[in-house]
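Spelled out, the chains give:
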Amino acid sequence: MNIINPLKYAYLAMEAWFNLAFGSEWNPLYNMGRLAFFFFWIVFISGLYLFIFFDTSLTGAYASVEYITHEQWYIAGIMRSLHRYASDAAVVTIILHMFREFALGRYRGFRWFSWVTGVPALWLVITLGITGYWLVWDELAIYVAMLSSQLIDALPLISGSMSRNFVGEQLSDRFFSLMAFLHFSGQPLFLIFALWLHVKRLSLVKVTAPRGLAIGSFIGLLVLSIISPAVSHGPADASQVTAALELDWFYLNVYPLLGYFTAGQTWLITLGTTLFLMALPWLPAKKTGPAAVVHLEQCNGCEQCAEDCPYDAITVQARTDGAKFEHEVTVNADMCAACGICVGSCPASNPFRQKNEQLVTGIDMPQMPINEIRNTLDKTIADLKGNNKIIVLGCDNSLDYSQFETDSIKVVGLFCIGMMPATLVEYALANGVDGVFVTGCRTGDCYFRYGNIWMDKRFAGTRQPVLRRRAKRSRIKVSRAAITDGTRFQKELIAFQSHIEKLNGDEELAHE
Amino acid sequence: MNKVLRYGLQAFNYALFMAVVWYFSTSPTYHQLEDDQAVITLSFTHATKLSEECRRLTQEELLKLPLNMRAPMDCPRERSPLTFELYLDDKILTSSVVEPLGFHRDQGVNLFQRMVVKAGEYSLRIWLNDDINVDKPTYQYEQKITLKPEQQLLIDFDAATGGFFTK
Ligand code: HEM
């Protein structure tokens, strides 16, 4: 069923626009999580520098930040601005990252864990920013301190008033020291833990941005820091309430709520939003297909599937069946996303094997075993008519390719294009097909992570199991598409068929 | 696509992104007060009077208690609620009955209220009652005040030094 999902369409259009400017490798929308990590690195390094000059006391903090900003503007000042703007940029990227996973429906089923751990990670980032603003100890800081205390005072169980610490003259140092401790060590450690948890069920996660993006965003931040350096408000004064504040809306957005709601209601709104976000993967829930199964009798312990699994669901262990190999693999069914990429990784999935019997591979998907794929392909090839027979090997998560079927073009669908053993393409060509059109999600993106990257590498001969050199490359075409790319895809498919037609004609001529 | 055009488009996108970062990093300006407003903060902690006096137990009552619990005096820990009203120029600004904190209502009260008012001159009047057995205010305070825009006036209370004072 093809439900029109406006969010998804809008997102894919935006993605296509960025592909134009950045290409797929540097497309920021494909790299939002990584970009957030990159901004954290900038925040970390600039923070270390600021720490040298920062005076961690209520009385000295403001003056030290003024020194950083104005006297040593050429290094410390720029570091301060980088620290501020990279933190802000991180929030923008995290929100876009979250929006992307949501718009593309990548938050339910096996992804629930990444989604649910993402929400508290975002909250941690926000509170880290809040303590950061506290440390400047300017008019904005005392506003943050005052309103944070009201929020904390509204919690049951804590008796005594924290708010009282920020009016009158007897301001105490203890909250300031606590905030400094939290900002410099407590919160960053928690954040590292939260992010470790966030990507725990994924493998091959990169925690820096691709080079082009890293350079571009760093230059952007640097220019911004020079044009419009971060500055403080006036010094904190407990006998004043500053009317107009230049809030950082990325971090301090909760406080204005207190102008309209009580502290208790503000807590309800915040916690309600959090719980709602965290419950989204189950509204409604999505079932993940049955996990991959290992057939030890066909597994030689080469470990390729474990290396390729994007969800870290396959582990290598010592052989248990007495076979002469050193290792075998097992599947952690809980972690398995049922993408089938391991089937494409297994050298035993070669469809030329076990020709007239059941094809059994080392690791297989119970709901669509390799034997069934080969049978389907055989049947589909038999159905093809005409002289220029084309098989489209499709991935189920990009585009509904069946709409392009004709008498001479038929589709065989797979869970992911990474599920396709490269030898399947050769098998089709060897069994009467004139051209194989290989699809998959847009380059740079893969519904299951890494599927089309592995496919490219197998085709290029740089990752096992490879598409052999002698495969007839002129009869193979790779064309990728998202659900919005139907028109372009169809054009390419028709052009490919004409190309095959010409090729067939040329070969016939050569024969004669 | 043409390389120059591509890098141009990239630069444009970076600029757009940085513009968003820059703008929301300080804007729109948030006004927690109008320019001609000030804040009165009423904040203090106070142990109100016990709500019941100590009482000597009768002989019979004592005999009913286990041996180790036979204290001659019964002193309930519960404290009185605190009632107060605050007037500016004889118009009531806030009033409340605050219950003592604690499971046994024995920890006194903790008050924190912020009120936004127009800057200017006022006569401030406030009274409170901290003893449930007394039928009239136990503390009163009157004072002419001048509030400048953005000023925060703290009204504090300390029973040991005679009651209310402002800062
Ligand atoms: C707090 C900062 C965050 C950082 C630095 C971060 C970073 C990342 C990274 C690097 C990945 C792996 C991407 C890949 O290689 O495919 C990822 C995956 C993911 N993130 Fe985040 N993330 C953050 C917050 C969030 C939030 C707030 C959400 C949503 C509530 C979220 C939802 C997800 C989901 C669903 C995935 C799984 C993607 C998949 O399975 O394909 N993340 N994140």
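Every value quoted in this text rests on a predicted model; they were computed, and no experiment measured them.

What to know about the overall build of chain A
No. 1: Along chain A, the regular secondary structure elements total 15 helices and nine strands.
No. 2: Looking at chain A residue by residue over its 512 residues, the buried ones come to 54%.
No. 3: Counted over contacts in chain A with a minimum sequence separation of 6, partners at least 24 positions apart contribute 73%.
No. 4: In the structure as shown, chain A presents an accessible area of about 23100 Å², 62% of it carried by carbon and sulfur atoms.
No. 5: Each charge class in chain A was averaged separately, 41 positive and 44 negative side chains, and the resulting centres sit 7 Å apart.

Notes on the site of the ligand
Residue and element names in this part refer to chain A.
No. 1: In the vicinity of the ligand lie 23 residues, with His97, Arg111, His198, Tyr311 and Arg449 positioned nearest.
No. 2: In the model, a nitrogen atom of the ligand is placed 2.7 Å from a nitrogen or oxygen of the His97 side chain.
No. 3: Contacts to the ligand include Arg449, whose side-chain N or O atom sits 2.8 Å from an oxygen atom.
No. 4: Put simply, the parts of the chain that give the shell around the ligand at least two residues each are α2 (32-53), α4 (73-103), α5 (112-135) and α7 (173-198).
No. 5: Among the elements that make up the shell around the ligand, the one with the highest residue count is α5 (six residues).
No. 6: Each residue belonging to the shell around the ligand can be placed in one class, and the counts come to 14 nonpolar, five polar and four charged.

Regarding the packing of aromatic side chains
No. 1: If you walk through the whole model with that rule in mind, you get 38 aromatic pairs over all chains.
No. 2: Measuring from centroid to centroid gives 6.1 Å for Phe250(A) and Phe24(B), while their planes differ by 75°, and the two rings are edge-to-face. Taken together, the residues Phe250(A) in the loop between β1 (244-245) and α9 (263-279) and Phe24(B) in helix α1 (residues 3-26) connect one chain to another.
No. 3: Exposure remark for Phe24(B): the relative accessible area of 33% places this residue in the partly exposed category.
No. 4: Measuring from ring centre to ring centre gives 6.0 Å for Phe44(B) and Phe164(B), while their planes differ by 80°; the resulting arrangement is edge-to-face. Linking Phe44(B) in strand β2 (residues 37-46) with Phe164(B) in strand β11 (residues 163-166), this pair joins segments that are 120 residues apart in sequence. Like Phe164(B), Phe44(B) is buried.
No. 5: What links up through ring pairs into an aromatic cluster is the set Tyr401(A), Phe404(A), Phe437(A), Phe489(A) and Phe496(A).

Topic: the coordination of the iron atom of the ligand
Residue and element names in this part refer to chain A.
No. 1: For the iron atom of the ligand, the protein coordination sphere consists of His97 (NE2) and His198 (NE2), at 1.9 to 2.0 Å.
No. 2: Bound by six donor atoms, the iron atom of the ligand shows angles of 87 to 179° at the metal and therefore octahedral coordination geometry. Pair noted here: His97 is in helix α4 and His198 is in helix α7, with a separation of 101 residues, a long-range link.
No. 3: What makes His198 buried here is its relative accessible area of 16%.

Quick look at the state of the cysteines
No. 1: Tallied over the entire structure, the rule returns one disulfide over all chains.
No. 2: One disulfide bridge connects Cys54(B) with Cys75(B), the sulfur atoms lying 2.1 Å from each other. Looking along the S-S bond of the Cys54(B)-Cys75(B) disulfide, the torsion reads about 120°, which is the right-handed sense. Of the two residues, Cys54(B) sits in the loop between β2 and β3 (55-56) while Cys75(B) sits in the loop between β4 (73-74) and β5 (82-88), which places them 21 residues apart along the sequence.
No. 3: With no disulfide partner, Cys299(A) has as its closest neighbouring cysteine sulfur the one in Cys305(A), 6.4 Å distant.
No. 4: Exposure remark for Cys299(A): the relative accessible area of 8% places this residue in the buried category.
No. 5: Unpaired in this structure, Cys302(A) has its nearest cysteine sulfur neighbour in Cys305(A), at a distance of 6.3 Å.
No. 6: The exposure class of Cys302(A) is partly exposed, given its relative accessible area of 39%.

Rules and cut-offs
- Residues numbered from 1 in each chain as written.
- Chains lettered and ligands numbered in written order.
- Predicted model: local features only at pLDDT ≥ 70, side-chain atom pairs only at ≥ 80, totals over all residues.
- Heavy atoms only, no water.
- Helix = DSSP H or I, 4+ residues; strand = E, 2+ residues; numbered from the N terminus.
- Buried < 20%, exposed > 50% of the residue type's maximum accessible area, 1.4 Å probe, protein only.
- Contact = heavy atoms within 4.5 Å.
- Areas by Shrake-Rupley, 256 points an atom, 1.4 Å probe, with all protein chains shown as cover.
- Lys, Arg positive; Asp, Glu negative; His and termini not counted.
- Charge placed at Lys NZ, Arg CZ, Asp CG, Glu CD.
- Near = heavy atom within 4 Å.
- Polar contact = N/O pair within 3.5 Å; in protein donor to acceptor, adjacent residues only side chain to side chain.
- Nonpolar A, V, L, I, M, F, W, Y, C, P; charged D, E, K, R; others polar.
- Phe/Tyr/Trp six-rings, centres within 6.5 Å; stacked < 30°, edge-to-face > 60°.
- Donors = N, O, S within 2.8 Å, 3.2 Å for Na, K, Ca; no water.
- Tetrahedral: all angles 85-135°; square planar, octahedral: opposite > 155°, others 65-115°.
- Disulfide = S-S within 2.5 Å.

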